[in-house]
There are 4 protein chains.
Amino acid sequence: MAIWDDLAVARVFDLAQPYFTGMPHYPTHPPFLFSLTKQHGDSVGPQGHSSAADAIALGSHVGTHIDALCHFSHDGKLHGGHPVAGLQSYAGGLRQYSIDTIPPILRRGILLDLIGGGPPLSAGHEVTPEELAEAARDLQIRRGDIVLLRTGWGRYYSDPRQFINDTNCPGPGRAGAEWLSAAGIFAAGSDTVAFEKVPAPAMPVHVHLLVESGIHIIECLNLEELAEERVREFLFIGAPLKIRGATGAPLRPLALVP
Amino acid sequence: MAIWDDLAVARVFDLAQPYFTGMPHYPTHPPFLFSLTKQHGDSVGPQGHSSAADAIALGSHVGTHIDALCHFSHDGKLHGGHPVAGLQSYAGGLRQYSIDTIPPILRRGILLDLIGGGPPLSAGHEVTPEELAEAARDLQIRRGDIVLLRTGWGRYYSDPRQFINDTNCPGPGRAGAEWLSAAGIFAAGSDTVAFEKVPAPAMPVHVHLLVESGIHIIECLNLEELAEERVREFLFIGAPLKIRGATGAPLRPLALVP
Amino acid sequence: MAIWDDLAVARVFDLAQPYFTGMPHYPTHPPFLFSLTKQHGDSVGPQGHSSAADAIALGSHVGTHIDALCHFSHDGKLHGGHPVAGLQSYAGGLRQYSIDTIPPILRRGILLDLIGGGPPLSAGHEVTPEELAEAARDLQIRRGDIVLLRTGWGRYYSDPRQFINDTNCPGPGRAGAEWLSAAGIFAAGSDTVAFEKVPAPAMPVHVHLLVESGIHIIECLNLEELAEERVREFLFIGAPLKIRGATGAPLRPLALVP
Amino acid sequence: MAIWDDLAVARVFDLAQPYFTGMPHYPTHPPFLFSLTKQHGDSVGPQGHSSAADAIALGSHVGTHIDALCHFSHDGKLHGGHPVAGLQSYAGGLRQYSIDTIPPILRRGILLDLIGGGPPLSAGHEVTPEELAEAARDLQIRRGDIVLLRTGWGRYYSDPRQFINDTNCPGPGRAGAEWLSAAGIFAAGSDTVAFEKVPAPAMPVHVHLLVESGIHIIECLNLEELAEERVREFLFIGAPLKIRGATGAPLRPLALVP
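Residue numbers here run from 1 along each chain, matching the order of that chain's written sequence. Whichever chain is written first is A, and whichever ligand is written first is 1; the rest continue in order. Reporting of local features is limited, given that this is a predicted model, to residues whose pLDDT is at least 70; pairs of side-chain atoms are given and counted only at 80 or more, and all residues count toward the totals for whole chains, interfaces and linings. Note that the side-chain values use all heavy atoms of the structure and ignore hydrogens as well as water.

## Things to note about the relation of the copies chain A and chain B
In screw terms, the move from chain A to chain B is a rotation of 180° and a rise of 0.0 Å along the axis, fitting with an RMSD of 0.0 Å. Look at the turn and shift together and you get a two-fold axis relating the two. Of the C-alpha atoms belonging to chain A, the one lying closest to the rotation axis is found on A57 of chain A, 1.9 Å away. Interface overlap between copies: 100% of the residues of chain A at the interface are likewise at the interface in chain B, consistent with a symmetric, same-surface contact. The least-squares superposition of copies is restricted to C-alpha atoms, and to residues with a pLDDT of at least 70 in both copies. In this analysis, two residues are considered to be in contact whenever any of their non-hydrogen atoms come within 4.5 Å of each other.

## Considerations on the sheet that holds strand β14 (residues 216-219) of chain C
Residue and element names in this part refer to chain C. Two strands are counted as paired when DSSP detects at least two bridges linking them. Numbering of helices and strands runs from the N terminus; a helix is a DSSP stretch of H or I covering at least four residues, while a strand is a stretch of E covering at least two. Taken together, the 9 strands give an open sheet; going across it, the order is β1-β17-β15-β9-β11-β13-β14-β5-β16, and neighbouring strands pair in mixed fashion. Two strands close off the open sheet at either side, each with one partner strand: β1 (11-14) and β16 (248-250). Between one strand axis and the next, the sheet turns by 25° as a mean value, whatever way the strands run. Bridge analysis of strand β5 (residues 65-67) against β16 gives 3 bridges, and the strand direction is antiparallel. Across the sheet, residue I66 finds its bridge partner in β16, namely A249. In this fold helix α5 (residues 204-212) packs onto β5, β13 (187-190) and β14, with an angle of close to 135° to the strand it touches most, β14. To obtain an axis, a line is fitted to C-alpha atoms, over the contacting stretch when the element is a helix, and the angle between two such axes runs from 0 to 180 degrees between their N-to-C directions.

## Section: the packing of aromatic side chains
Planes of paired rings set the category: under 30 degrees apart is stacked, over 60 is edge-to-face and the rest tilted, where pairs are Phe, Tyr or Trp rings (Trp by its six-membered ring) whose centres lie within 6.5 Å. With the rule as written, the count across this model stands at 12 aromatic pairs over all chains. Measuring from centroid to centroid gives 4.9 Å for Y157 of chain A and F163 of chain A, while their planes differ by 70°, and the two rings are edge-to-face. Each of the two residues, Y157 of chain A as well as F163 of chain A, counts as buried. A ring pair is formed by Y19 of chain C and F32 of chain C, whose centres lie 5.4 Å apart and whose planes are at 50°; its orientation type is tilted. Remark: F32 of chain C occurs in the loop between β1 and β2 (33-38) and Y19 of chain C occurs in the loop between β1 and β2; sequence separation between them is 13 residues. Throughout this description, buried means an accessible area under 20% of the type-specific maximum (1.4 Å probe, protein chains only), exposed means over 50%, and partly exposed covers the range between. We classify F32 of chain C as buried; its relative accessible area is 2%. Its end group placed over the ring of F20 of chain A, R244 of chain B keeps NZ or CZ at 4.2 Å from the ring centre. Its guanidinium or amino end placed over the ring of F186 of chain C, R107 of chain C lies 4.0 Å from that ring's centre, counting from NZ or CZ. Sitting over a ring, as applied to charges here, requires NZ of Lys or CZ of Arg to be within 6 Å of the ring centre and within 35 degrees of the ring normal.

## Digging into the interface of chain D and chain C
Listed per partner, the contact involves 84 residues of chain D and 84 residues of chain C. Put simply, buried area is how much 1.4 Å-probe accessible surface two parts lose in total, over both of them, once they are put together. Both faces considered, chain D and chain C share a buried interface measuring about 7,000 Å² in area, 64% of it formed by carbon and sulfur atoms. Salt bridges are defined as contacts in which a side-chain nitrogen from Lys or Arg sits within 4 Å of a carboxyl oxygen from Asp or Glu. At the boundary of chain D with chain C, the tally comes to 2 salt bridges. With a closest N to O distance of 2.9 Å, D14 of chain D and K242 of chain C form a salt bridge. Polar contacts, as counted here, are pairs of nitrogen or oxygen atoms within 3.5 Å of one another; within protein the pair requires one atom able to donate a hydrogen and one able to accept it, and residues that are adjacent in sequence qualify only if both atoms are side-chain atoms. Linking chain D to chain C there are 41 residue pairs in polar contact (both at pLDDT 80 or more). Broken down by element, the side of chain D that touches chain C gets its largest block of residues, 7 residues, from strand β4 (residues 53-59) of chain D. Judged from the 5 bridges that link them, strand β4 (residues 53-59) of chain C and β4 of chain D form a sheet pairing that is antiparallel.

## Some points on the relation of the copies chain D and chain C
Under the fitted operation, chain D is carried onto chain C by 0.0 Å of movement along the axis and a turn of 180°, and the coordinates agree to an RMSD of 0.0 Å. Of all interface residues in chain D, 100% are interface residues in chain C too; the two copies therefore contact each other through one and the same surface.

## Some thoughts on the packing of helix α4 (residues 174-182) of chain A against helix α5 (residues 204-212) of chain A
Residues and elements named next belong to chain A. Where α4 meets α5, the closest approach of the two axes is 8 Å, and the angle between their N-to-C directions is 25°. Judged by the inter-axis angle, α4 sits roughly parallel to α5. As α4 runs across α5, the sense of the crossing is right-handed. When α4 is examined against α5, the residues R174, A177, E178 and S181 are found in contact with a partner set consisting of P204, V205, H208, L209 and E212. Asp, Glu, Lys and Arg are counted as charged, while Ala, Val, Leu, Ile, Met, Phe, Trp, Tyr, Cys and Pro are counted as nonpolar; the rest, among them Gly, fall into the polar class. A breakdown of the residues in the contact of α4 with α5 according to their chemical character gives 4 nonpolar, 2 polar and 3 charged. Note on terminology: angles under 35 degrees are roughly parallel, angles over 145 are roughly antiparallel, angles of 65 to 115 are roughly perpendicular, and the others are oblique. Take the far helix as the reference: if the near one is turned anticlockwise from it by less than a right angle, the crossing is left-handed, and if turned clockwise, right-handed.

## Quick look at the interface of chain A and chain B
Taken together, the contacts link 83 residues of chain A with 84 residues of chain B. Summing the contributions of chain A and of chain B, the shared interface buries around 7,000 Å²; its carbon and sulfur component is 64%. Taken together, the links from chain A to chain B amount to 2 salt bridges. Top contributing element to the side of chain A that touches chain B by residue count: strand β4 (residues 53-59) of chain A, with 7 residues. For the side of chain A that touches chain B, the class distribution of residues is 46 nonpolar, 25 polar and 12 charged.

## Concerning the nonpolar core
To form a nonpolar core, buried Ala, Val, Leu, Ile, Met, Phe, Trp, Tyr and Cys residues must be joined to one another through side-chain atoms within 4.5 Å. I243 of chain A together with I243 of chain B are the most contacted members of the largest nonpolar core, which has 166 residues in total. In contact with I243 of chain A, other than residues within four places in its own chain, are I99, D100 and A249 of chain A together with Y19, F32, F34 and I56 of chain B. Formed by 165 residues, the second largest nonpolar core is a distinct cluster that contains A188 and I243 of chain C together with F20 and W153 of chain D.

## Things to note about the sheet that holds β2 of chain C
Pairing is antiparallel across the open sheet formed by 4 strands, whose spatial order is β2(C)-β4(C)-β4(D)-β2(D). Each of the sheet's edge strands pairs with one partner strand only, and the pair in question is β2 of chain C together with β2 (33-38) of chain D. Averaged over all pairs of adjacent strands, the angle between strand axes in this sheet comes to 15°, irrespective of strand direction. Sheet analysis places β2 of chain D next to β4 of chain D, joined by 5 bridges and oriented antiparallel. Within β4 of chain D, the position partnered with F34 of chain D by the bridge is I56 of chain D.

## A word on the pairing of strand β15 (residues 233-238) of chain A
Residues and elements named next belong to chain A. Counting buried residues in β15 gives 5 out of 6 residues, a clear majority hidden from the surface. Note: strand β9 (residues 105-113) against β15, 6 bridges, orientation antiparallel. Residue pairing across strands places I105 opposite G238, the latter belonging to β15. One ladder, built from 3 bridges, connects β15 with strand β17 (residues 254-257); its direction is antiparallel. Considered in β17, the bridge of I237 is made with L254.

## Comments concerning the state of the cysteines
By convention in this document, the label disulfide applies to cysteine sulfur atom pairs within 2.5 Å. Under the counting rule described, the total for this entry stands at 0 disulfides over all chains. No disulfide involves C70 of chain A; its sulfur sits 18 Å from the nearest other cysteine sulfur, which is in C220 of chain A. Take C220 of chain C: it sits in no disulfide, and the sulfur closest to it among the cysteines is that of C169 of chain C, at 9.3 Å.

## Describing the side chain of Q39 of chain D
Mapped onto the elements of the fold, Q39 of chain D is located in the loop between β2 and β3 (49-51). Contacts of Q39 of chain D, omitting those with residues within four sequence positions, involve R161 of chain B, Q88, S89 and Y90 of chain C together with S50, S51 and A52 of chain D.

## Thoughts on the side chain of S51 of chain C
Tracing the backbone through its elements, the reader meets S51 of chain C in strand β3 (residues 49-51). A polar contact is formed between the side chain of S51 of chain C and the side chain of K38 of chain C, at a distance of 3.0 Å. If we ignore the near neighbours within four places in the chain, the residues touching S51 of chain C are K38, Q39 and H40 of chain C together with H71 and F72 of chain D.

## Structural notes on the pattern of salt bridges
It is possible for side chains bearing opposite charge to pair when their charged atoms get close. This model, assessed by the stated rule, comprises 46 salt bridges over all chains. Ionic pairing is found between R174 of chain A and E212 of chain A, a salt bridge with its closest N-O pair at 2.8 Å. Residue R174 of chain A is located in helix α4, and its partner E212 of chain A is located in helix α5; the two are separated by 38 residues in the primary sequence. A residue is classified by how much of its surface remains accessible, and R174 of chain A, at 35% relative accessible area, is partly exposed. Ionic pairing is found between R108 of chain B and E233 of chain B, a salt bridge with its closest N-O pair at 2.9 Å. Note that R108 of chain B is positioned in strand β9 (residues 105-113) and E233 of chain B in strand β15 (residues 233-238), a separation of 125 residues in sequence.

## Description of the confidence of the model for chain A
The pLDDT averaged across chain A works out to 96; a share of 98% of its residues lies at or above 70. Here the predicted complex carries an ipTM of 0.97, next to a pTM of 0.97. As a per-residue measure, pLDDT tells how confident the predictor is, with possible values from 0 to 100.

## Let's talk about unusual backbone geometry
All names here are of chain A. The peptide bond linking V198 to P199 adopts the cis configuration, its omega dihedral lying at 5°. Inspection of the secondary structure puts P199 in the loop between β13 (187-190) and α5. Backbone geometry at C220 places phi at a positive 65°, although glycine is not the residue there. By secondary structure assignment, the location of C220 is in the loop between β14 (216-219) and α6 (224-228).

In structure tokens, the structure reads:
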């Protein structure tokens, strides 16, 4: 039986949030801009056709996106100890671990639902290793997995002020990040604007995952539907825009449930 | 056996071209812009971390992308006969058949290799139904399939002037488009900047597929590796950036071969 | 008496059109995009302040703007016979005659009102040397002047479709351009999207002024108020955004009448 | 004698810094992006012409720019006590005191050179009323003037990291701002990225000038040439890009010295 027949009966969950003018974005990243370049009827062809098209501008870390390992450095070094000096320029971006070097991702995904039927986590909540372990009960996290944390904040997405909350959001601290990295996962993600309890001046989760552990981070996911259907294990499929030299890029990840 | 185990042994082909400053784009669509927003070291955190990030701007039909059905109209009407008047605005885009209404695409894909080991098609070459039928020999195209045409122009991508060629490129004409639509496919694509022999003042292929037939168009694909491996049938996976109201959007499509 | 006292009694006319989402733009130039980056209240400071700011994207020839001499070439050469090969790159723009090399412009300006109290020129109207001479009656055009042509199309600006008119607009042809260049002016401008009767496949006015004559072109001016007040001679003040390597840039020109 | 003859012998100083990829920008504002949209030779017309053009994207407060009064609010109110609620939207910007409501500026300008032939002010230096008074000795600041402070940081502009300095820059505090507002000036400006000693969590200078006093702020000026020529009094000419609803906009200000 061909694989597309298998997939024909699989359930597909869309884990991406939409892009729209006024959408939430971390304050240091450029916002999303949109306009048609032309409207239908502005120009009409010899046999009556017309077309419309669009222009956009955005930060590469705006909307549902994945961080390249080169997004963060520590003591002047990228993951693997590469000194960042000489590896970066404004016009060309980064020459090591940039987003275009991430191969398409098709991996086992695990949803750690931190709230179940309850309300979203409070802004000041630090997700602990114990909470992660409890959410992962009966599931074995394996090397190379994608682990996604549901805080419930995905439902705030349509209200940018509530979602960004002046960058006060729940998430793991260093202890939670270490619990995740110990499992040797490929990437960790969440439904918040930062995979980290913020504000966090030292950004320990980003440093530990990206720089120390070589683990990618995915942010601004929509995990509501997955949680509603009580899916905990799935096939994660995603591939970021292949932007040469970029430190991150939008992606529209999917979860497949056989 | 779980689906990820099946996939673990599948070959994955990346059908997307990269984004970079100076990359090719159809002249009426805005080009791709890129810069870091900050470099590593511009700001250093209390425990020695630093980060870099990026900003981009582009036309939504630039790079490997898919057209929404609302991209074209004919005699003032979209696919399905919807009068476009009242359905569009510069700030909001289109309110019918916009790109964010396309569900994630996981479908059988067919590669019609029009050149095999030969040179790329010449700029003035119109791909005929006979050529399509010959390339599809022994394969049955089914309703809902994704059919991709390889002209060989994908290898010109790194030379924008050669790839755009002052918008003189090979592709199907109306007859070829009708051969495709007769099979009831979901989308047709190619490795050229336009799925149409251009210049074509009346754009008959876009009108026939998008407006008359409700068939999506994918452009600027990289089909070279797929052709090299003589893959003709595969699982196509792709999901465009979910831009509210847009007439098209970037995507990074994958081909899976079990 | 100080110059600012002189100016205090001068009338100042604003010759720029506004920037707004959906504003008119020549189809091959990227449109104007706008969004706030943040709203008041998204973040509130320790003593109650808040701020809002904006992001924009646009083609450098969108809105009221001036063309650098390097905007056009002929037979592979820029003004002065410089071969353009080797002088350009996507990331860096042009290295000869770019917009940032134009010093601030403070020069005598002349309004040639082609319609007076009548209706705007029709789309197919080519402005002839005779019409220019008639509009310039009693005025001597001198070397270094700025000569602005009023066609009346400035009043269409708020209706992008009418203003662009599928790029069918009135303007001078080569004969008119030669009449202007004979006077040795510094720049010529108009209230249309192109200083040229368009469509014009060979773009003779742009070639004659920019390449052959070294005369700048200013487009999308608002000349309505100036005409209403029957001003024909004024001090033109303008300086484009100093964009390194650019072929054109927005400016907000002023006319001063002592 | 006509005004343009007067001006013909005036010295003109360009107070704007250039725009270029990698240029300095306050971290919360989007960076400047640039690319050609096409190169000369990509398309050649019937008689041998070709053209190149550009696309840009940027924050409206990037580069030499002026703040609209609506850029800041205090306790939810704009200058004049207007509650900001209901006056703002991401797509439309601000409906009160936006940048497009500032008429062209032609006013007496005063340079307060805080360093003379000495080195630039240190990053932690707060400019005091006494320093301002000393720099203004023998000059009377009048209602409606433009007062520009030279700290010497303009010469750092070509080194973005030094110019931004992790947003540690010299400037006035509230006391200096009050000294300036007492004179009833129209705008105050400087050669730094912020007209304020930063970091300043409560941003007292911006609040006092924009919100409490209705005085505009101009930032990122190049005052080096003016200072070198020991010009202290001049005609300031400037007009920002007329962006509907924006909280700030680029401008290229000039200083004229009769």
